[in-house]
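Examining the three-dimensional arrangement
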Amino acid sequence: MSITSNYRQILKNIPNNITLVAVSKTKPVEEIKELYDAGHKIFGENKVQELIQKYNSLPKDIEWHMVGHLQRNKVKYIAPFVHMIHGVDSFKLLTEIDKQAEKNNRKQKCLLQVHIAQEETKFGFSHDELTEALTSGEINTLKHVEICGLMGMASFTENTEQIRAEFRFLSNYFHTLKEKYFKNSITFKELSMGMSDDYAIAIEEGSTMVRIGSSIFGQRYYPNCTNE
Ligand SMILES: *Cc1c(COP(=O)(O)O)cnc(C)c1O
């Protein structure tokens, strides 16, 4: 199967009001260009350096999404161009994004990442941390970030009922926050959940944005490291 035919197949599986972020991490620019030529303009990366290299060598109308964990000291490198940052998992990081967005005269779209998986290793705000950050009102002092919604990753498990429960939790939490803190916000509307193995469940549970890599580009190979 070619990348383009994988892509077309995925498009058939998802309703057209759902945003598909094609996660191109570790894949060469030629493969991204193939999808770009097929009409796709929204790509996701999880490493700052790789994102910058790809941004520099590909057409400028691509919407780049930073989907991975972002270190505060690296925000400045992507702040001039990144379309949306999915992995905002602390108020400190959000403050840094605000500062760099201001320097670039931009308003930066962000998603707040919530920890929903059982694994310790997945990043994200805990329920309590996020509630605290929101009730304190501090978030409203940041004028150069636009909070567009939430992002989450389910546990890495075969247990689809568990995955469903985690997505359902996030979806309920999203609606609760919207009602409580973002009632007048027109931007708080995205729920980024669902990857190659679980996007169908995520969509059933209310996802508005799926991040799909290997089902489009094929398996990833990591020659020198074992972790993603
Ligand atoms: C790699 C990655 C994806 C895509 O994963 P696939 O299983 O290949 O679809 C989605 N979201 C994040 C945060 C990722 O790091």
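Look above for the structure.
In this report, the structure presented in the accompanying data block is examined. (Residues numbered from 1 in each chain as written. Predicted model: local features only at pLDDT ≥ 70, side-chain atom pairs only at ≥ 80, totals over all residues. Heavy atoms only, no water.)

This next bit is on unusual backbone geometry. The phi torsion at Thr26 lies on the positive side, around 70°, for a residue other than glycine. Mapping Thr26 onto the fold places it in the loop between strand S1 (19-23) and helix H2 (29-37). (Helix = DSSP H or I, 4+ residues; strand = E, 2+ residues; numbered from the N terminus.)

Moving on to the site of the ligand. All residues in the neighbourhood of the ligand are listed as Val23, Lys25, Val67, Met151, Met153, Met195, Ser196, Arg211, Ile212, Gly213, Ser214 and Arg220. The contact in question runs from an oxygen atom of the ligand to an N or O atom on the side chain of Ser196, over 2.5 Å. A distance of 2.9 Å separates a nitrogen atom of the ligand from a polar side-chain atom of Arg211. Counted by class, the shell around the ligand contains six nonpolar, three polar and three charged residues. (Near = heavy atom within 4 Å. Polar contact = N/O pair within 3.5 Å; in protein donor to acceptor, adjacent residues only side chain to side chain. Nonpolar A, V, L, I, M, F, W, Y, C, P; charged D, E, K, R; others polar.)

With that out of the way, let us pick up helix H6 (residues 127-135). Regarding H6, the residues found buried are Leu130, Ala133 and Leu134. Around the axis of H6, the buried residues are gathered within 95° of arc, so they sit on the same side. What points out from H6, more than 90 degrees from its buried face, is the exposed set Asp128, Glu132 and Thr135. Of the surrounding secondary structure, the elements contacted by the buried residues of H6 are strand S5 (108-113), strand S6 (145-151) and helix H7 (160-181). (Buried < 20%, exposed > 50% of the residue type's maximum accessible area, 1.4 Å probe, protein only. Arc of directions from axis to C-beta. Contact = heavy atoms within 4.5 Å.)

Take the packing of H6 against H7 next. Between H6 and H7, the shortest axis-to-axis distance is 12 Å and the interhelical angle comes to 15°. When the axes of H6 and H7 are compared, the pair comes out roughly parallel. H7 is crossed by H6, and the crossing has right-handed handedness. Residues His127, Leu130, Thr131, Leu134 and Thr135 of H6 touch H7, and the partners they reach there are Phe169, Tyr173, Leu177 and Tyr181. Here the contact of H6 with H7 is composed, by residue class, of six nonpolar, three polar and no charged. (Axes fitted to C-alpha atoms, helices over the stretch in contact; angles between N-to-C directions. Parallel < 35°, antiparallel > 145°, perpendicular 65-115°, else oblique. Left-handed = near helix turned anticlockwise from the far one by under 90°.)

A cluster of acidic residues, Asp128, Glu129, Glu132 and Glu138, forms a negative patch on the protein surface. By the element assignment, Glu129 lies in helix H6. (Patch = residues over 30% accessible without salt bridge, like charges linked within 9 Å, V, L, I, M, F, W, Y side chains within 5 Å. Areas by Shrake-Rupley, 256 points an atom, 1.4 Å probe, with all protein chains shown as cover. Salt bridge = Lys/Arg side-chain N within 4 Å of Asp/Glu carboxyl O. Lys, Arg positive; Asp, Glu negative; His and termini not counted. Charge placed at Lys NZ, Arg CZ, Asp CG, Glu CD.)

Next up on the list: the pattern of salt bridges. Within the structure shown, the criterion is met by 10 salt bridges. Between Lys33 and Asp37 there is a salt bridge, with its nearest N and O atoms 3.2 Å apart. Placement of the pair is Lys33 and Asp37 together in helix H2, with a separation of four residues, close to one helical turn. Taking the relative accessible area as the measure of exposure, Lys33 reaches 33% and is therefore partly exposed. Since its relative accessible area comes to 54%, Asp37 is described here as exposed.

Glancing now at the packing of aromatic side chains. Using the criterion set out here, one finds five aromatic pairs in the structure. Centroid distance Phe182 to Phe188: 3.9 Å. Interplanar angle 5°. Geometry classified as stacked. As far as the burial class goes, Phe182 and Phe188 line up, both buried. These aromatic residues form a ring-pair network of at least three members: Phe174, Phe182 and Phe188. In this structure, Lys41 is placed above the aromatic ring of Tyr36, and the distance from its NZ or CZ to the ring centre is 4.9 Å. Above the plane of the ring of Tyr55 lies Lys60, whose end atom (NZ or CZ) is 4.7 Å from the centre. (Phe/Tyr/Trp six-rings, centres within 6.5 Å; stacked < 30°, edge-to-face > 60°. Lys NZ or Arg CZ within 6 Å of the ring centre and 35° of its normal.)

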